[in-house]
Amino acid sequence: MKGTVGELGEFGLIRELTSRLTTTPAVRVGPGDDAAVVAAPDRRVVASTDILVEGRHFRRDWSTAYDVGRKAAAQNLADIAAMGAVPTALLLGLVVPAELPVTWPTELMDGLRDECQVAGASVVGGDVVRGDTITVSITALGDLRNQEPVTRAGAQPGDLVAVTGWLGWSAAGFAVLSRGFRSPRAFVEAHRRPEPPYHAGPAAAGLGATAMCDVSDGLIADLGHIAEASKVRIDVRSGQIDIPSQMNDIGQAVGVDPMQWVLTGGEDHAIVATFPPDVKLPARWKVIGEVLNPSALPQVTVDGAPWTSKGGWDHFGGDVES
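All chains use their own residue numbering, which begins from 1 and follows the written sequence. Since the coordinates come from a predicted model, pLDDT governs what is reported: local features require at least 70, and pairs of side-chain atoms require 80 or more to be given and counted, while whole-chain, interface and lining totals use all residues. Only hydrogens and water are set aside; all other atoms, that is, all heavy atoms of the structure, feed into the side-chain values.

### Observations regarding the layout of surface pockets
- Estimates place the volume of the second largest pocket at around 350 Å³.
- Around the second largest pocket, the lining is made up of 20 residues, and of these Ile-14, Thr-18, Pro-31, Gly-125 and Gly-126 lie nearest the centre.
- At the level of secondary structure, the elements contributing two or more residues to the lining of the second largest pocket comprise helix H2 (10-18), strand S4 (86-96) and strand S5 (122-130).
- Amino acid classes used here: Ala, Val, Leu, Ile, Met, Phe, Trp, Tyr, Cys and Pro are nonpolar; Asp, Glu, Lys and Arg are charged; the rest, including Gly, are polar. Looking at the lining of the second largest pocket residue by residue, the classes come out as 12 nonpolar, 5 polar and 3 charged. In this analysis, the protein atoms alone were mapped onto a 1 Å grid. Cavities are point sets where a 1.4 Å probe fits without being able to get out; pockets are open sets with protein on both sides within 12 Å along at least five of seven lines; lining residues have an atom within 4 Å of a point. Grid points are joined across faces, edges and corners, and a volume is the space filled by probe spheres set on the points. Counting from the N terminus, the helices are the DSSP runs of H or I reaching at least four residues and the strands are the DSSP runs of E reaching at least two.

Rendered as structure tokens:
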């Protein structure tokens, strides 16, 4: 599609974006009215929101608009799944410069739509505004389906800590891109388009998970959120975490211990949860640690000792990935 956003105009852009969307049975009223209507059979709605700003959260020379759409949807829908809920809907707030080619927001919408389809949700509405910097704001909704939400506050001493999904892949991909390379492709794609295990969240709730979180800030940081909310200590056993051979190769090439990426690299959107010790976990879950009574040590330790290397994500402290 030729032309710029400014040439197409606000309402022309909205028509173009909404024409690309699909729907699900949960959507009773979709885009085009004053507000969307989404079924909530559970009578409770799980909601999460996030913002991506160009230059801070994505770069157009690293990621296509389609990549950004997939990633923006994934990181919000993963939050819904990490509460034990099923994603149902997504709302988009989009700020774009008038001179931006129309193909960028349309490809962004394609990415949002396709990631929603993976999770079983749909884009149901939003807003577009002119501005100097591309900004993508997402609100995701979900349904608990008569289960109780799994918060960060329920971990108990004696619980097992288990994870499903990738760990450290996005950070390894970031390291590759930062050095001007585009391969190994699997790790670069993991950074551009994370693949959260959406169905694992509600399944974990059904298995009796006591606390849960998606790994967006880094494993140690996100386990720290659980430990703080639950008033416990969590010990991670590094020997129980598998590191792919290609990640070891990347680490050797750039001079980084890949365990640093695994423990502190964010944006993989794996799901980490705590479970009672007698729960039989499916093979997709890997036990990587245990919940302990609080002590004078940090709330999260690795092999019984403090993890002294820097890492994790803090929006106001900056990106401290290696």
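### What to know about the environment of Arg-179
- Positionally, Arg-179 belongs in the loop between helix H5 (169-178) and helix H6 (185-192).
- Only protein chains enter the area calculation, which uses a 1.4 Å probe; residues under 20% of their type maximum are buried, those over 50% are exposed, and those in between are partly exposed. Judged by its relative accessible area of 37%, Arg-179 falls in the partly exposed class.
- In this structure the C-alpha to C-alpha distance between Arg-179 and His-191, which are 12 residues apart in sequence, comes to 14 Å.
- N or O atoms closer than or at 3.5 Å make up a polar contact, with two conditions inside protein: a donor-capable atom paired with an acceptor-capable one, and, for residues adjacent in sequence, both atoms drawn from side chains. Among the polar contacts listed, one links the side chain of Arg-179 to the backbone oxygen of Ala-175, at a separation of 3.1 Å.

### Some remarks on the sheet that holds strand S9 (residues 233-236)
- Across the sheet, 6 strands lie side by side as S8-S10-S7-S11-S9-S12; this open sheet has mixed pairing. Unpaired on one side and paired on the other, strand S8 (211-214) and strand S12 (300-302) mark the two borders of the sheet. Neighbouring strand axes in the sheet, compared pairwise and without regard to direction, differ in orientation by 25° on average.
- Both strand S7 (residues 160-164) and strand S10 (residues 271-275) contribute to a ladder of 5 bridges, which runs antiparallel. Note that in S10 the partner of Val-163 across the bridge is Val-272.
- Any two residues having at least one pair of non-hydrogen atoms within 4.5 Å are treated as being in contact. The convention used is that axes are lines fitted to C-alpha atoms, helices contributing only their stretch in contact, and that angles between N-to-C directions extend from 0 to 180 degrees. Lying on the sheet, helix H8 (residues 219-230) is in contact with S7, S8, S9, S10, strand S11 (286-292) and S12; it crosses S8 at an angle near 150°. DSSP-based pairing: two strands are paired if at least 2 bridges between them are found.

### Considering the domain arrangement of the protein chain
- Taken domain by domain, the protein chain comprises domain 1 (5-141) and domain 2 (157-304).
- In this complex, domain 1 contributes 21 residues to the contact, which on the side of domain 2 involves 19 residues.
- Values labelled buried area give the accessible surface lost by two parts on being combined, using a 1.4 Å probe and summing over both. In total, about 1,700 Å² of surface goes out of reach between domain 1 and domain 2, with carbon and sulfur atoms giving 59% of it.
- Per-residue buried area on domain 1 facing domain 2 is highest for Trp-62, Lys-71 and Ala-82; these three make up 39% of the total on that side.
- Salt-bridge detection follows one rule: a side-chain nitrogen of Lys or Arg within 4 Å of a carboxyl oxygen of Asp or Glu. Between domain 1 and domain 2 we count 2 salt bridges in total. The source of the domain bounds is an automatic or database domain assignment.

### Regarding the UniProt feature "binding site: Mg(2+) 2" (unreviewed entry) in the protein chain
- UniProt positions are given in the numbering used here, feature names are shortened, and annotations may be inferred rather than shown by experiment. In the numbering adopted here, UniProt assigns the feature "binding site: Mg(2+) 2" (unreviewed entry) to Asp-50 and Asp-79. On the basis of their most widely separated C-alpha atoms, the annotated residues across 30 residues gather in one place, lying no more than 9.9 Å apart.
- Within the secondary structure, Asp-50 is located in strand S3 (residues 45-53).
- Here Asp-79 is to be found in helix H3 (residues 65-81).
- With a relative accessible area of 23%, Asp-79 lands in the partly exposed category.
- Once residues within four sequence positions are removed from consideration, Asp-79 is found in contact with Ser-48 and Asp-214.

### A closer look at the sheet that holds S5
- The 4 strands are arranged S3-S6-S4-S5 in an open sheet whose pairing can be described as mixed. What marks the edges here is a single partner per strand, and that holds for S3 and S5. Put simply, the sheet's adjacent strands are angled 15° from each other on average, direction ignored.
- As defined by bridge partners, S4 adjoins S5 across 8 bridges and the pair is classed as parallel. Pairing of Leu-92 across the sheet is with Gly-126, part of S5.

### Some points on the UniProt feature "domain: PurM-like C-terminal" (unreviewed entry) in the protein chain
- Within this numbering scheme, the UniProt entry marks residues 156-246 as carrying the feature "domain: PurM-like C-terminal" (unreviewed entry).
- Secondary structure across residues 156-246 divides into 44% helix and 14% strand, with the first and last C-alpha atoms of the span separated by 36 Å.

### Structural notes on H5
- Judged by how many residues are buried, H5 sits mostly within the fold: 9 of 10 residues are covered.
- Buried within H5 we find Trp-169, Ser-170, Ala-171, Ala-172, Gly-173, Phe-174, Ala-175, Val-176 and Leu-177.
- Of the residues flanking the end of H5, it is Gly-180, one or two places downstream, whose phi is positive at about 85°.

### Some points on unusual backbone geometry
- Here the residue pair Ser-183 and Pro-184 is connected by a cis peptide bond, since its omega of 10° sits within 30 degrees of zero.
- Mapped onto the secondary structure, Pro-184 falls in the loop between H5 and H6.
- Look at Asn-146: it is not a glycine, yet its phi comes out positive at around 70°.
- Here Asn-146 shows up in the loop between strand S6 (135-143) and S7.

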